[in-house]
Every structure is written in C-alpha cells, then in structure tokens.
Amino acid sequence: MRTEHAAREAICRLGQSLFRRGLTYGSSGNISVRLDDGWLMTPTNVSLDELDPARLSRLDADGQLVSGDPPTKESFLHRAMYGERPGDGAVVHLHSTHAVAVSVLEGVDPADVLPPITAYYVMRVGRLPLVPYYPPGDRTLADAVAALAGRHHAVLLANHGPVVSGTSLSAAAAAIEELEETARLHLLLRGERVRLLTGAQVAALRPPAG
Ligand SMILES: O=C(CO)COP(=O)(O)O
Ligand SMILES: [Zn+2]
C-alpha cells in the first residue's frame, strides 16, 4: 500500500463496494491493512457502507489503538492472520450469504469445505478449512484461525463467514469474492451430477502460496 492516506481511501472504497453488492449486511464484516508500524482496521459496529477514512482505527505494532474509533472486535483475529503470514498486507472478513450457508452444512470435509469447481477458485482460494464455531470477537476464535493461517490464507468460520488475507487489499478482495461465488455455485449444483476439476487439472494451476 503506497501511503496511509491511500490505504484509508482504499479500505473505505472497498467496504462500500462490498456492501452495495450485497456481500455483507448490517454492520457485519471488517477490513484491515498492514502498515509499516501497525494496522488500519475498520471500526466496530459500523456498516462497511459508511466508513469514514478519518475515523478508521489506527493500531500500533502492539495492537494498541492510537487514533480513530475503537477497532473491530475481530482485531485479534486479523492480527492472528498477519502474525502467521508475514508476506500478507490485508485481511477481509465478510458475512457473505452463500459462504455462511456452506459454513452451516452438515457433513462437509472440515479440511477443505468447497470442491474445485472452477480454475479461478483453485487459483484464488485453493483449499478452504472450516474453523470450529466460537463467538464473534472471542480470543479462542483468533487462536483457532492462527492454528490454520500459516498454511491457509482463506478460512471459513463455522456458522459465521469467511476470512481471507492477501498480499494486497485487492488480492484479498478478489479471493473472498471468488470464495463467495464458488459457495453460491456449490449450493446451486447440489443434487446435480457434476464434473469437478481433476487432481491433475488442479495441480496444473498455480495455487496461491499457503
Ligand atoms: O463481522 C463482525 C464480527 O464477526 C463485525 O464485527 P465488528 O463490527 O466489530 O467489526
Ligand atoms: Zn463476523
């Protein structure tokens, strides 16, 4: 991210875009960007449609609020992701409907919740483990994400929603949108006979690191 000013603008633009396309609702979801000496995070209990660049939560390297409104209750979860993924610069969490629906299904493989339906899903998301249910904002939820984040940049919180990190804000956004669309396709195709990508086709694609 070029400057803190640009990062503030980009977070608010993305939040509005995600909200207005129905990818999260009410005051759900949160976005963060890593800075050289801390993080910018969306404040708690604010609609992603109504973010103000000047009021974003500015956290120092210890996670302490230095300016702006109080941060998202998932700040520990975001920091858990960054802690395990030093190369990543942004994290997005949504309550996108189809991904949430998949997070509630009985009998899914908790090691990899969605099948390889399309190349873009494999390229942008890869594998998607299910994190057991813990209440929003609970430190144990952050610990559970930390346990998976070294190997996975995308995880699905059971009965809650997806969390995705990326090298940049646009990379994290592209991945979480691909995840939501694939969850929608998966639900659309339930009960149909389908041709998934084969193991060889999956291996031929370049999955994202982690
Ligand atoms: O999605 C959310 C909790 O999981 C929203 O919480 P915040 O309003 O604290 O960001
Ligand atoms: Zn949430």
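Since the model is a prediction, treat every value here as computed from it, not as a measurement. (Residues numbered from 1 in each chain as written. Chains lettered and ligands numbered in written order. Predicted model: local features only at pLDDT ≥ 70, side-chain atom pairs only at ≥ 80, totals over all residues.)

(A) How the structure looks around the site of ligand 1. Near ligand 1 there are 13 residues, and of these Asn-30, Thr-44, Thr-72, Lys-73 and Pro-136 occur at the shortest range. A per-class count over the shell around ligand 1 returns one nonpolar, 10 polar and two charged. (Near = placed C-beta within 6 Å. Nonpolar A, V, L, I, M, F, W, Y, C, P; charged D, E, K, R; others polar.)

(B) Focus on the environment of Ala-61. Examined against the element boundaries, Ala-61 turns out to sit in the loop between β3 (57-60) and β4 (65-67). It is 19 Å that separates the C-alpha atoms of Ala-61 and Ile-11, two residues lying 50 residues apart in sequence. Each residue touching Ala-61, except ones within four places of it in the same chain, is listed here: Asp-37 and Gly-38. (Helix = DSSP H or I, 4+ residues; strand = E, 2+ residues; numbered from the N terminus. Contact = placed C-beta atoms within 7 Å.)

(C) Here's a closer look at the sheet that holds strand β6 (residues 130-131). Taking strand neighbours across the sheet as the criterion, the eight strands line up as β4-β3-β2-β1-β5-β8-β7-β6 in an open arrangement whose pairing is mixed. Of all strands in the sheet, those with a lone pairing partner are β4 and β6, marking the two edges. Alignment of β3 against β4, held across two bridges, turns out to be antiparallel. Its bridge partner lying in β4, Leu-59 is registered against Leu-65. (Pairing = 2+ DSSP bridges.)

(D) Geometry of unusual backbone geometry. We note that Asn-45 has phi near 60°; this positive angle belongs to a residue other than glycine. Positive phi outside glycine occurs at Asn-159, with the angle close to 55°. With respect to the element layout, Asn-159 can be found in the loop between β7 (154-157) and β8 (161-166). Owing to 12 C-beta atoms within 10 Å, Asn-159 belongs among the exposed residues under this scheme. (Buried ≥ 20, exposed ≤ 12 C-beta atoms within 10 Å, placed from the backbone.)

(E) Quick look at the pairing of β7. Here β7 shows no split at all, with Ala-154 and Leu-156 on one side and Val-155 and Leu-157 on the other all buried. Summarising the sheet, β6 and β7 pair through two bridges and their orientation is parallel. Each bridged residue has a counterpart across the sheet, and for Val-131 the counterpart in β7 is Leu-157. Handedness of the crossover joining β6 and β7 through helix α5 (residues 139-149) is recorded here as right-handed. As judged from the four bridges shared by β7 and β8, these two strands associate in the antiparallel manner. (Right-handed = clockwise from strand over helix to strand, strands pointing away.)

(F) Region of the structure containing helix α6 (residues 169-188). For α6, built from 20 residues, the straight-helix expectation of 28 Å at 1.5 Å per residue is met to within 8% by its first-to-last C-alpha distance of 29 Å. Leu-169, Ala-172, Ala-173, Ala-175, Ile-176, Glu-177, Leu-179, Glu-180, Thr-182, Ala-183 and His-186 are the residues of α6 that are buried. (Expected span 1.5 Å × (residues − 1).)

(G) Main features of the UniProt feature "domain: Class II aldolase/adducin N-terminal" (unreviewed entry) in the chain. Sequence positions flagged by UniProt for "domain: Class II aldolase/adducin N-terminal" (unreviewed entry) are, in local numbering, residues 9-187. Helix makes up 36% of residues 9-187 and strand 18%. Its end C-alpha atoms lie 35 Å apart. (UniProt positions renumbered as here; feature names shortened; annotations may be inferred.)

(H) The confidence of the model for the chain, seen in detail. Here the chain averages 96 in pLDDT, while 97% of its residues score no lower than 70. Reported confidences for the modelled complex are a pTM of 0.97 and an ipTM of 0.99. (pLDDT = per-residue confidence, 0-100.)

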